Amino acid sequence: MPTRRDDPMDSNKAHAFLPRLAVAGILALHASLLAYIAATTAPVFDEPAHLVSGLSHWEFGNLDLYRVNPPPLRMIASLPVYLFADYEMDWKDVRDDPYVRSEFKAGRVFLRKNGERSFRYLMLSRMMLIPVSCLGAWVCFLWSRQLYGVSAGFVSLLLWCFSPNILAWGATIIPDLSAAAFGVMAVYTFWRWLREPTWKRAVYAGLTLGVAQLAKTTWIILFALFPIIWFMWRSPRQHGHSLAPPAKQFAAMPLLAICVLNTGYAFEHSFRRLDDFVFISTTLAGDNVATEGGNRFSGTLLGQLPVPFPSNYVRGIDVQKHDFETPSWSYLRGEQKRGGWWYYYLYGLLVKTPLGTLALLVLAFILLASATTYRQPWRDELVLLLPVVAVLVLVSSQTAFSRNYRYVLPLLPFLFIHASRLGRAFEIDGLPVRLASGVFLAASVISSLLVFPHSLSYFNCAVGGPIGGKYHLLDANIDWGQDLLKLKRWIDGNPEANPIGVAYFGIATPALAGIDATAVPYGPGFEYEGDDPGPQPGWYAVSVNHLMGYRHYDIDRPKYVYLQRFEPVATIGYSIYVYRITEADVAEYQALR
Amino acid sequence: MTQNTEDVQEPVDLSSWVEFCCWTMVVLAPFLTWVNGPAVSTDQFVMRTAVFTLALAGAIGLRVGKIFRRRRNRAN
């Protein structure tokens, strides 16, 4: 007589339950890793500006601050602070001047007014956006599973959940990670509609397209990309796709998306005439833009048309364009210049992606080209790869400055899903691919975890890891002020390092973290009249950006590069180097000069 | 080839591949630690130790489990 233990239905239920449990477990672990970074790192450069902008939206009901990014994410992030925290803020210097990014000054004021409590407020706001990263991981799993099988789903899930770049930015309220999550969700739902066009799926696709617009303006490219993809799907039918995606359903999507976008801005000044705007970028204002701004559409037929987007959304794109038209200092592989490089983000992908992940991507491309077992119909592959190309071309084309690798975060989930096709090897007879995939995946995961929780400073071992990374990329790619609290802990644990000079790169100040810091002497040629140039005996903590002579602002000078001649006694995270300079060190330095 | 549907598919003996990945992590950890240099914070040191320990424990545990299952199957 068969026992309950022999019941095949129980066996099937267990087999269906285990993958779900594994997914939940991996997502929970991912959320825990993010929460740990969120709780233990200092605010990075732009975060206070995002937080205070969100608070201003709640307090005053206007959405002017930080208009280059849509407001909903920072409103969600700042909501617990607005509701439950007894914060202080002085808004008197905040003004709506198109040429002045008041949000950064407001962020500094907020930090000054709230002192050490600011760190707790930031931590609270960071926790609000952790579910967004989990959502992105979940979408990657779903899409990979549908394309290539459940093992592929786990490959993309693991790639997302342990990616050092996802961990770094998912633990902040900077919107790039959210843009990655909502962008992949928008394209995924669009793809599902393409495969089985129904009104329900069209509505989901329209809604998620709108939500992606509310994450970051980068995804405005989807309004151009989706028609291209749709048009390709309407070409001669092939087996497996019986229905041509109907034009009516497709037309409804952007309309829905625009409704969602406007709702996200509470329809603030929507449908304003195009010639009513005062633009500051050359692209929109014209070549002879006056100091008060201009509008190249004034007096044209186009200028009379109402713009179906919120006013601050349009002005945000204009401000962002103006920023990208203004050459700023950038650093790449030891070279600094005004202006950027078109290949900067490609280079960033090569040095800040784990080698295991890069190997998975290369192998995936090889199999895509050579093995039908690892390939979907070309239309499905196109939906996956076109956003990668589009985002890369968009960011790479902005060469006024090159600073932020995080601008390419939105293309990462598509690369993870592309790489996940190797998971097919676990379900078919493909031992060499299984072996390679297993090694590369394990290498990706462990490479990231060995640098955790300093994921923001991650560089792969081809460039010497985070220690060697400073010779390749600087600024937000290695040091954005995240290790200030760790510096405080180090100083508390090393009382002999007192007094200590601090040259910190960040929006907060050492005093905010309770560090009683003195100045670090400027190097020879940079000292003020009457001051002794460095090196001088003492303890010094210097941010790696300053150490490398990075010019973030025009007034920055390579005042601290002389310290590169000395061996640091400690490294705080990978972004702050601590030196102990003795009299003997100074004498040796002088002798060698 | 069009992939099947949204039903969860039964993975094929993934425990062997999980064990393989664990051994890979155990082998790679020393090399990657050497490349990245010593831990720069206590929490990084704790994480490195935990990852290595869990990978080693997972690899050994899965290997031992497999041996016991084989012996039980032979006995049956």
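Residues numbered from 1 in each chain as written. Chains lettered and ligands numbered in written order. Predicted model: local features only at pLDDT ≥ 70, side-chain atom pairs only at ≥ 80, totals over all residues. Heavy atoms only, no water.

K.L.:
Just give me the short version of the packing of helix H2 (residues 47–60) of chain A against helix H3 (residues 72–84) of chain A, but keep the residues and values in it.
P.N.:
All names here are of chain A. Viewed as axis vectors pointing N to C, H2 and H3 meet at an angle of 75 degrees, and their least axial separation amounts to 8 Å. What the angle tells us is that H2 and H3 run roughly perpendicular. Contacts from His50, Leu51, Ser53, Gly54, Leu55, His57, Trp58 and Glu59 in H2 reach Arg74, Met75, Ser78, Leu79, Val81 and Tyr82 in H3. Tallied by class, residues from the contact of H2 with H3 come to seven nonpolar, five polar and two charged. (Axes fitted to C-alpha atoms, helices over the stretch in contact; angles between N-to-C directions. Helix = DSSP H or I, 4+ residues; strand = E, 2+ residues; numbered from the N terminus. Parallel < 35°, antiparallel > 145°, perpendicular 65-115°, else oblique. Contact = heavy atoms within 4.5 Å. Nonpolar A, V, L, I, M, F, W, Y, C, P; charged D, E, K, R; others polar.)

K.L.:
Can you tell me about the confidence of the model for chain B, naming the residues and giving the values?
P.N.:
All names here are of chain B. When pLDDT is averaged along chain B, the result is 84; 84% of the residues meet or exceed 70. Contacts of residues 1–11 to residues separated by more than four positions or lying in other chains number 35 contacts, the stretch itself having pLDDT below 50. As scored by the predictor, the complex reaches a pTM of 0.93 and an ipTM of 0.86. (pLDDT = per-residue confidence, 0-100.)

K.L.:
Lay out the sheet that holds strand E9 (residues 576–581) of chain A with the relevant residues and their values.
P.N.:
Across the sheet, which stays open at both edges, the five strands sit in the order E6-E5-E7-E9-E8 (chain A) with mixed pairing between neighbours. Unpaired on one side and paired on the other, strand E6 (517–518) and strand E8 (570–572) of chain A mark the two borders of the sheet. (Pairing = 2+ DSSP bridges.)

K.L.:
Break down the interface of chain A and chain B for me, with residues and values.
P.N.:
Quoted interface sizes are often the accessible area lost when the parts come together. Listed per partner, the contact involves 50 residues of chain A and 32 residues of chain B. Of the roughly 3,500 Å² buried between chain A and chain B on both sides combined, carbon and sulfur atoms contribute 65%. The interface formed by chain A and chain B holds zero salt bridges in total. Counting the contacts that link chain A with chain B gives five residue pairs in polar contact (both at pLDDT 80 or more). Contributing elements (two or more residues each) for the side of chain A that touches chain B: helix H1 (8–40), helix H6 (130–148), helix H7 (150–162), helix H9 (176–195), helix H19 (431–449) and helix H20 (465–469) of chain A. Among the elements that take part in the side of chain A that touches chain B, H19 of chain A stands out by supplying 11 residues, more than any other. In the side of chain A that touches chain B, the residues fall into 25 nonpolar, 15 polar and 10 charged. (Buried area = accessible area lost by both parts, 1.4 Å probe. Salt bridge = Lys/Arg side-chain N within 4 Å of Asp/Glu carboxyl O. Polar contact = N/O pair within 3.5 Å; in protein donor to acceptor, adjacent residues only side chain to side chain.)

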